[in-house]
Amino acid sequence: MSISYSSVTKKIWMSLMGFFLMTFLIVHLSINLLLVISPTTDLFNEASHFMGTNPFIQAFQWILFAGFIVHIIIGVVLQIENWMARPKGYRVKAGSEDSFFSKYMIHTGVIIFIFLIIHFVNFFLVAKGVIGEIPETMVDGKPMDDMGSVVIALFQLPYYMVGYLVALLILGFHLDHGFQSAFQSLGLNHPTYTPFIKGFGHFFAVIIAAAFMIIPLFIYFSK
Amino acid sequence: MDLKLKIWRQPSAHADGKFVDYQVTKISKDASFLEMLDILNEELVNKGEDPVAFDHDCREGICGMCSLFINGRPHGPDNAVTTCQLHMRKFKDGETVTIEPWRAKPFPVLKDLMVDRSAFDEIIQAGGFVSIATGGVPDANSIPIRKQNADLAMDAAACIGCGACVAACKNASAMLFVSAKVSQLALLPQGKVEAKERVQKMVAKMDELGFGNCTNTYACEAECPKEISVTNIARMNREFLVAKLS
C-alpha cells in the first residue's frame, strides 16, 4: 500500500498524524493534571467517566487509533526505505546535523510504542473492563469507576514510576524533533516564523514531557 | 606536512573493495586536497601501481565533479567549499585522513573513489527543464519578477549537483538537490507553467531511483558546498502538496 505513495506524501501523512497525536497528548495531559491540582481523585474520575462514556469521544477514539497506526506504519516503512538507500555505510560516520534527535526517531518511536502497549494494558483495557477489577466510587452521588485509585496504585510501585519517567523523557526527545519537522514536511517554512517554530518545538517537548512526569512523582511522594 | 591516508580502493564496480593505507610526505599546506592526491598518484605511477581514481574537472568549485567523503564529511573539514577548493592547511601535520566514496544505493562505486552520479541526470531528465515555447529573448525587465524571487531562484540555481547532500544525509536522500532544481524553476514565470507536473515527476523519479526519505535532519544544508538552504525542501513539499491537491 505505502510503496505506491511518494516519499513526500508519506512525510506529509507522517506530519499530519504527528500534529494530531500532539493534540491528543495535550488533552490527555490536561486530564492527568487533574490528579495534581485537585486534592481528591473526584475530578479525575469525573473526567475519565466523561471520556469513557461520551458517544462523540467513543467514536473519536477509533480515529485516534487510526492516527497511531498510520503514524507507526508509515514511520517504519520510511525507516526501512532509508536503511535500504545506503546498503554500505561509511567507516568514519558523519556527524553533521541540525536536529540531533532526528537521527533517533525510529529508536525513540519504538520505545514509545512499547510504552504505549504497556500503558494500554495497564489503563485503557482496565478502564474498559477487559482486564482486572476497578473499585467503584461515588462522585456527587453518582457511582463511577475509581480510575484515580488505579493510577495511584500503579505509580506507587517504584519500578513502574521510573519506567514511566524514562518513557516520557523519550517521548520528549521524539517531540523535540517531531514538532518542527512536521512544519517542514508540510512545506510551512518562513524566514520570520520558522525560528520561532523551532524554538517553540523545544519548549513544547520539554513542557509536555515535564508536565507528564510531574504526575507520577507527585503521586509517589505525596500519596 | 606528512599525512597518513586511508583510502577506499575498489578495482571495479562489482569487485570487493577495501581500505588501503598510504603515506604522503612534504605536502605544502597551500596545496589543494586534489593536488595532494595528484602527488600520491604520481608516486604510485612511478612505483608501477594503479593510481587512485577520483572525479575532478574544473578545480574551481563550480563544476560539481569532485566529491570525496573526507574524515566523515563530504568535501572535507572546511565549510561551503568543494574538495578541489579544500586546502591542506585545514589538516594537522601527521593526521590520519580517511577518504571514502559517496555512499548511496543510487550512486554505485565505479572505481576507488569514483561513483556514478547519473541518477541526478535522470531526475533532471524527468522534469527539471522548461519545455513550453517562451518565444524570443524578451526585452530586459519586460517580464516583472519580484526581486526576492529572483534572488531565491539564483540561490537555488547555485547547486552544482555534486551529491554532497546525498552523501551527508543519514538516509541518502536527494531532497536538497531535487528541491533546489524544483525551486530555481518554480520561482520564475517561465518555470511556473509546468511547475505542478515537474515536481511530481522529479519526486517520483527520485523515489524510483532508491534515494532515501527526508527526516529533516538538515545535514545536507550543513555540508552543501554551495550552502543551498533547506527552505528549498519546504518549498518543494509545498509545491508537491499544492500539485496533488489542485
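These numbers come from a predicted model, not from an experiment.

Caption draft 1: Examining the overall build of chain A more closely. Helix and strand content of chain A: eight helices and two strands. Starting at the N terminus and ending at the C terminus, chain A contains elements arranged as α-α-α-α-α-β-β-α-α-α. Classification of the 223 residues of chain A by burial places 48% in the buried group. Of the contacts formed within chain A by residues at least 6 apart in sequence, a portion of 76% connects residues at least 24 apart. Distance between charge centres in chain A, computed from 11 positive and 11 negative side chains, equals 23 Å.

Caption draft 2: Structural view of the pattern of salt bridges. This model, assessed by the stated rule, comprises 14 salt bridges over all chains. The partner of Lys 10 of chain A in a salt bridge is Glu 81 of chain A, with the nearest N and O atoms 2.7 Å apart. With a gap of 71 residues between them, Lys 10 of chain A in helix α1 (residues 7-32) and Glu 81 of chain A in helix α4 (residues 55-84) connect regions that are remote in the sequence. Relative accessible area serves as the criterion here: at 3%, Lys 10 of chain A is assigned to the buried category. Close ionic contact of Glu 223 of chain B with Arg 73 of chain B constitutes a salt bridge, the shortest N to O distance being 3.0 Å. One end of the pair, Glu 223 of chain B, is in helix α8 (residues 219-223); the other, Arg 73 of chain B, is in strand β4 (residues 73-74), and 150 residues separate them in sequence. With a relative accessible area of 23%, Arg 73 of chain B lands in the partly exposed category. Here the residues in one salt-bridge network are Arg 9, Asp 50, Lys 111 and Asp 112 of chain B, joined through shared partners.

Caption draft 3: Molecular detail of the nonpolar core. One finds Phe 107, Phe 120, Ile 123, Val 166, Val 178 and Phe 211 of chain B to be the most contacted residues of the largest nonpolar core, which totals 46 residues. Those elements giving two or more residues to this core turn out to be α1 of chain A together with α2 (118-127), α4 (164-168), α5 (175-186), α7 (195-208) and α9 (231-245) of chain B. Residues lining this core come from more than one domain, with at least three contributed by each of domain 1 (3-110) and domain 2 (118-245) of chain B. Of all hydrophobic cores here, the second largest spans 40 residues; its members include Tyr 164, Phe 183, Ala 209 and Phe 212 of chain A.

Caption draft 4: Local environment of the packing of helix α6 (residues 147-155) of chain A against helix α8 (residues 193-222) of chain A. Residue and element names in this part refer to chain A. Between α6 and α8, the least distance of the axes is 9 Å, while the angle of their chain directions is 80°. Put simply, α6 runs roughly perpendicular to α8. Residue-level inspection shows Val 151, Ile 152 and Phe 155 of α6 in contact with α8, the latter providing Ile 215, Pro 216, Ile 219 and Tyr 220. Its residues assigned to classes, the contact of α6 with α8 shows seven nonpolar, no polar and no charged.

Caption draft 5: Molecular detail of the interface of chain A and chain B. Counting from both sides, the interface comprises 36 residues of chain A and, opposite them, 46 residues of chain B. Here chain A meets chain B over a buried area of about 3300 Å², counting both sides, of which 54% is carbon and sulfur. At the junction of chain A and chain B, the tally comes to zero salt bridges. Our count for the chain A to chain B interface comes out at 24 residue pairs in polar contact (both at pLDDT 80 or more). When contributions to the side of chain A that touches chain B are tallied by element, the ones reaching two or more residues are α1, α4 and α7 (158-185) of chain A. When grouped by side-chain class, the residues that make up the side of chain A that touches chain B number ten nonpolar, 16 polar and ten charged.

Conventions adopted
- Residues numbered from 1 in each chain as written.
- Chains lettered and ligands numbered in written order.
- Predicted model: local features only at pLDDT ≥ 70, side-chain atom pairs only at ≥ 80, totals over all residues.
- Heavy atoms only, no water.
- Helix = DSSP H or I, 4+ residues; strand = E, 2+ residues; numbered from the N terminus.
- Buried < 20%, exposed > 50% of the residue type's maximum accessible area, 1.4 Å probe, protein only.
- Contact = heavy atoms within 4.5 Å.
- Lys, Arg positive; Asp, Glu negative; His and termini not counted.
- Charge placed at Lys NZ, Arg CZ, Asp CG, Glu CD.
- Salt bridge = Lys/Arg side-chain N within 4 Å of Asp/Glu carboxyl O.
- Core = buried A, V, L, I, M, F, W, Y, C linked by side-chain atoms within 4.5 Å.
- Domains from an automatic or database assignment.
- Axes fitted to C-alpha atoms, helices over the stretch in contact; angles between N-to-C directions.
- Parallel < 35°, antiparallel > 145°, perpendicular 65-115°, else oblique.
- Nonpolar A, V, L, I, M, F, W, Y, C, P; charged D, E, K, R; others polar.
- Buried area = accessible area lost by both parts, 1.4 Å probe.
- Polar contact = N/O pair within 3.5 Å; in protein donor to acceptor, adjacent residues only side chain to side chain.

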